[in-house]
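# Observations on chain architecture
Each chain, written out:
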Amino acid sequence: MMERMNSEAPLQRTVFPTRKLVVGCLLPVLLLGSVVVWLAFHFQRAVRTPVSRLPASTRDARHEDYVGSQACASCHASQVNEHAQSGHARTFYRTDDGQFDAQVDGQQFEDPERGVTFHYHAGPGGLSVSLPERFPDDAFPLHFGLGSGQHAITFMTLVPGTDGRAVGIEHRVSLFGEDHEPGLTPSHRGQAVTQEVEHFGRVRSPELLDRCLGCHTTTYRREGLKLTELQPHVGCESCHGPARRHVEQMQHGTIGDTLGLTAISWTATEQIQRCGECHRRPDMLESPLQPDNLKLVRYAPVGILQTACYRKSEGRLSCTTCHDPHRPVSRDAQHYETRCLSCHSAEPDQQVSCKVSSQKGCIACHMPQVEVHPGMSMSDHWIRVRGADGLMSKGK
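Residues numbered from 1 in each chain as written. Predicted model: local features only at pLDDT ≥ 70, side-chain atom pairs only at ≥ 80, totals over all residues. Heavy atoms only, no water.

Another aspect to go through is the overall build of the protein chain. Of regular secondary structure, the protein chain possesses 13 helices and 14 strands. Burial status across the protein chain gives 41% buried among its 396 residues. The contacts of the protein chain with a sequence gap of at least 6 include a subset with a gap of at least 24, amounting to 55%. Of the roughly 21,900 Å² that the protein chain leaves accessible, carbon and sulfur atoms contribute 54%. (Helix = DSSP H or I, 4+ residues; strand = E, 2+ residues; numbered from the N terminus. Buried < 20%, exposed > 50% of the residue type's maximum accessible area, 1.4 Å probe, protein only. Contact = heavy atoms within 4.5 Å. Areas by Shrake-Rupley, 256 points an atom, 1.4 Å probe, with all protein chains shown as cover.)

What follows concerns the pattern of salt bridges. Oppositely charged side chains may form a pair once their charged atoms are brought near each other. Per the stated rule, a full pass over the model turns up 13 salt bridges. Across the pair Arg222 and Asp210 runs a salt bridge whose closest N-O atoms are separated by 2.8 Å. Here Arg222 is found in strand 11 (residues 217-223), whereas its partner Asp210 is found in helix 6 (residues 206-216), with twelve residues between them in sequence. On the accessibility criterion, Asp210 (29% relative accessible area) is partly exposed. For Asp380, the salt bridge identified is with Arg384, shortest N-O distance 3.4 Å. What makes Arg384 buried here is its relative accessible area of 3%. Here the residues in one salt-bridge network are Glu82, Asp324 and Arg327, joined through shared partners. (Salt bridge = Lys/Arg side-chain N within 4 Å of Asp/Glu carboxyl O.)

According to the stated counting rule, one finds one disulfide in the structure shown. Each sulfur in the disulfide pair Cys215 and Cys278 lies 2.2 Å from the other. Linking Cys215 and Cys278, the disulfide has an S-S dihedral of approximately -95 degrees and is accordingly described as left-handed. Here the residue Cys215 occupies a position in helix 6, and Cys278 occupies one in helix 9 (residues 268-279), the gap between them amounting to 63 residues. Residue classification places Cys215 among the buried residues on the basis of a relative accessible area of 14%. For Cys278, a relative accessible area of 27% corresponds to the partly exposed category. Take Cys319: it sits in no disulfide, and the sulfur closest to it among the cysteines is that of Cys275, at 3.7 Å. Overall, Cys319 belongs to the buried group, its relative accessible area being 19%. No disulfide involves Cys362; its sulfur sits 4.5 Å from the nearest other cysteine sulfur, which is in Cys340. For Cys362, a relative accessible area of 12% translates into the label buried. (Disulfide = S-S within 2.5 Å.)

Let us now look at a nonpolar patch on the surface. Together, Met250, Ile255 and Leu259 line one region of the surface with nonpolar side chains, adding up to about 250 Å² of accessible area. Look at Ile255 and you get exposed, because its relative accessible area is 52%. (Patch = residues over 30% accessible without salt bridge, like charges linked within 9 Å, V, L, I, M, F, W, Y side chains within 5 Å.)

Here we take up the packing of aromatic side chains. Applying the stated criterion across every chain yields a total of five aromatic pairs. Note on Tyr93 and Phe100: the rings are 5.2 Å apart at their centroids and 80 degrees apart in plane angle, and the pair reads as edge-to-face. Judged on exposure class, the residue Tyr93 and its partner Phe100 are both buried. Residues Phe100 and Phe155 carry aromatic rings whose centres are separated by 5.6 Å and whose planes lie at 85 degrees to one another, so their mutual orientation is edge-to-face. Here the residue Phe100 occupies a position in the loop between strand 1 (92-94) and helix 5 (101-104), and Phe155 occupies one in strand 7 (residues 152-160), the gap between them amounting to 55 residues. In this pair, the class of Phe100 matches that of Phe155, namely buried. (Phe/Tyr/Trp six-rings, centres within 6.5 Å; stacked < 30°, edge-to-face > 60°.)

Right, here's the structure in full:
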């Protein structure tokens, strides 16, 4: 079955255009694309993107310069130990480690749109899924699980593309919530099947595959269908940059201005954009930047950048105003309301206080939980006054 699904012809039709099509269309597409990109860039700079420059991505560093979060523990034990309990510390899994065997092996899921049933199996080589109605004698491997499990986990499989590079097959079924309830993966609803492999999921280009893997690991090298030099999960060096030079400086007492790190501090806007590399920035959006667009609730940095709280904070409001990146996300509403009241209280020298409830209820009113997909709810970070519908108001 893998031979049939990895055949070049059907994959070529969906992901990689033929050489004639490329030659015939490349020049006009490039010219038109250049104009569109130029206009979009200038429009987004003026309307959608903060003016502060985003620091260089830590993903451009050499793999050998990474040392792993445990190397940081000798001096930063409390931060490393707390981080190990957070969602960032469990964002990438190999299915051959048995992590999901108990939850997945023997389970079935009926596709509500296609009328077929997925059957899941666990074995020494990891997880696999079969569709007896379509492929009676075959199973499709599921190589990796992406996600912390707090909201969802989606499986990914690497298969060869027509140019020899790996493409990703994002599985059509994800596991939602702490109970790992199966459901259709976001964006898979209504997906048409144009080649055999799409019975199991969506084809993701090498570039998009690397973006997915880059956001769920600290570093890796992709060699064919294998990941080498892998440091799974979002670790210390995902944000602070590769730490080998820092460790060496600490060991030898030769401390420079940057402490040997590529990223140690940012302005509020730079910090939001840094988080937005994976949690999305406005310039990454494919859907409308409108307050009633439910998809935007998934992208906290996008919401924060639209709020009056951010715009009027004079550079004080950022992701870490409420979230300590070294600790698990707090589920205590009072924790966040304390942050709100640090600016919005009845004290004369504070910002405008809430006329409805000046001491409590901030989160439930202004940042409610919104179901963005069946089985997955998130806090809306587009902080605003809401109408009776709870979401559609464009409150400032």
